[in-house]
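Below are the chains, spelled out letter by letter.
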Amino acid sequence: MEVIDKHTGLFDRIANIYAWFFDRQKKGYEIAIKKLSETEDISEVKRVLDIGCGTGALCSVYAKQGYKTFGIDSSAKMLAQAKKKNTGKNIEFQLASVADDLPFESNSMDLVSASFVAHGLPRDLRMKMFREMHRISNNLIVLIEFNQHRRWYIDIIEWAEQGDYFNFIKSVDLELDSLFVSVKKVDLNATSSLYICKKIR
Ligand SMILES: C[S@@+](CC[C@H](N)C(=O)[O-])C[C@H]1O[C@@H](n2cnc3c(N)ncnc32)[C@H](O)[C@@H]1O
């Protein structure tokens, strides 16, 4: 519990600064979702959940697509920024942690995503999150995350964040393979990828 609180506390402290990058993040996520739509048929997607939604940039892209959008995060301050940045949009934000069972029915979403959340969590909590994503989605699960290609500035940021980045990049492929029937990796840029996972073929 202490590790979780420390991580959430960090995001509570930096939420105001994090929100400065909302528009830039949104542009990146628009490209990511376009790439997803070129790789997978997402024409039937209607309900989506973004876990660790932060200030809500990815939720904003989903809402623009017309999806009924839900975002959860364990940081009240990040969620406060998310609500401010997405005023008037059809998005339900909720305070919740992947350390607990999430307040959504099994198979209740067409797409469950998490962007740049998994690498910050210790392995047992990360696996708990993956299992929750598997439970809540009716098939499609998408991570937007770092890949194995390192850059010195990312190493420094991740060392300072004290998450699990250095283990994550080594083990994420095996972790996802152990849970999902298929995992497709599509590069977004030099250091991050879409990890497109399915629970049914
Ligand atoms: C690097 S930020 C990414 C935020 C957002 N997904 C984005 O792409 O901008 C990681 C987010 O994960 C959230 N988070 C960390 N631990 C969590 C937990 N146990 N449950 C839910 N969210 C968590 C943090 O509060 C933070 O908002």
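**Remarks on unusual backbone geometry**
Link 1 in the chain: Not every positive phi belongs to a glycine, and Phe116 is a case in point at roughly 55°.
Link 2 in the chain: Of note, Phe116 is situated in the loop between strand E4 (109-115) and helix H5 (123-136).
Link 3 in the chain: Positive phi, close to 60°, is recorded for Gln162, a residue that is not glycine.
Link 4 in the chain: When you line up the elements, Gln162 lands in the loop between helix H6 (152-161) and helix H7 (165-179).

**Here we look at the environment of Tyr165**
Link 1 in the chain: Looking at where Tyr165 falls in the secondary structure, it is placed in helix H7.
Link 2 in the chain: Classification of Tyr165 as buried rests on a relative accessible area of 1%.
Link 3 in the chain: The spatial distance from the C-alpha of Tyr165 to the C-alpha of Gly120 is 6.2 Å, given a sequence separation of 45 residues.
Link 4 in the chain: Setting aside residues no more than four positions away along its own chain, Tyr165 makes contact with His119, Phe146, Arg150, Ile154, Asp155 and Glu158.

**Some remarks on the site of the ligand**
Link 1 in the chain: The full set close to the ligand counts 20 residues, and Gln25, Tyr29, Gly52, Asp73 and Ser115 are the nearest of them.
Link 2 in the chain: Between the ligand and Ser115, the relevant distance is 2.8 Å, taken from an oxygen atom to a side-chain nitrogen or oxygen of the residue.
Link 3 in the chain: Of all the secondary structure elements, the ones that give two or more residues to the shell around the ligand are helix H1 (2-18) and helix H2 (22-39).
Link 4 in the chain: Ranked by residue count, the leading element in the shell around the ligand is H1, at 4 residues.
Link 5 in the chain: Tallied by class, residues from the shell around the ligand come to 11 nonpolar, 8 polar and 1 charged.

What counts and what doesn't
Residues numbered from 1 in each chain as written. Predicted model: local features only at pLDDT ≥ 70, side-chain atom pairs only at ≥ 80, totals over all residues. Heavy atoms only, no water. Helix = DSSP H or I, 4+ residues; strand = E, 2+ residues; numbered from the N terminus. Buried < 20%, exposed > 50% of the residue type's maximum accessible area, 1.4 Å probe, protein only. Contact = heavy atoms within 4.5 Å. Near = heavy atom within 4 Å. Polar contact = N/O pair within 3.5 Å; in protein donor to acceptor, adjacent residues only side chain to side chain. Nonpolar A, V, L, I, M, F, W, Y, C, P; charged D, E, K, R; others polar.

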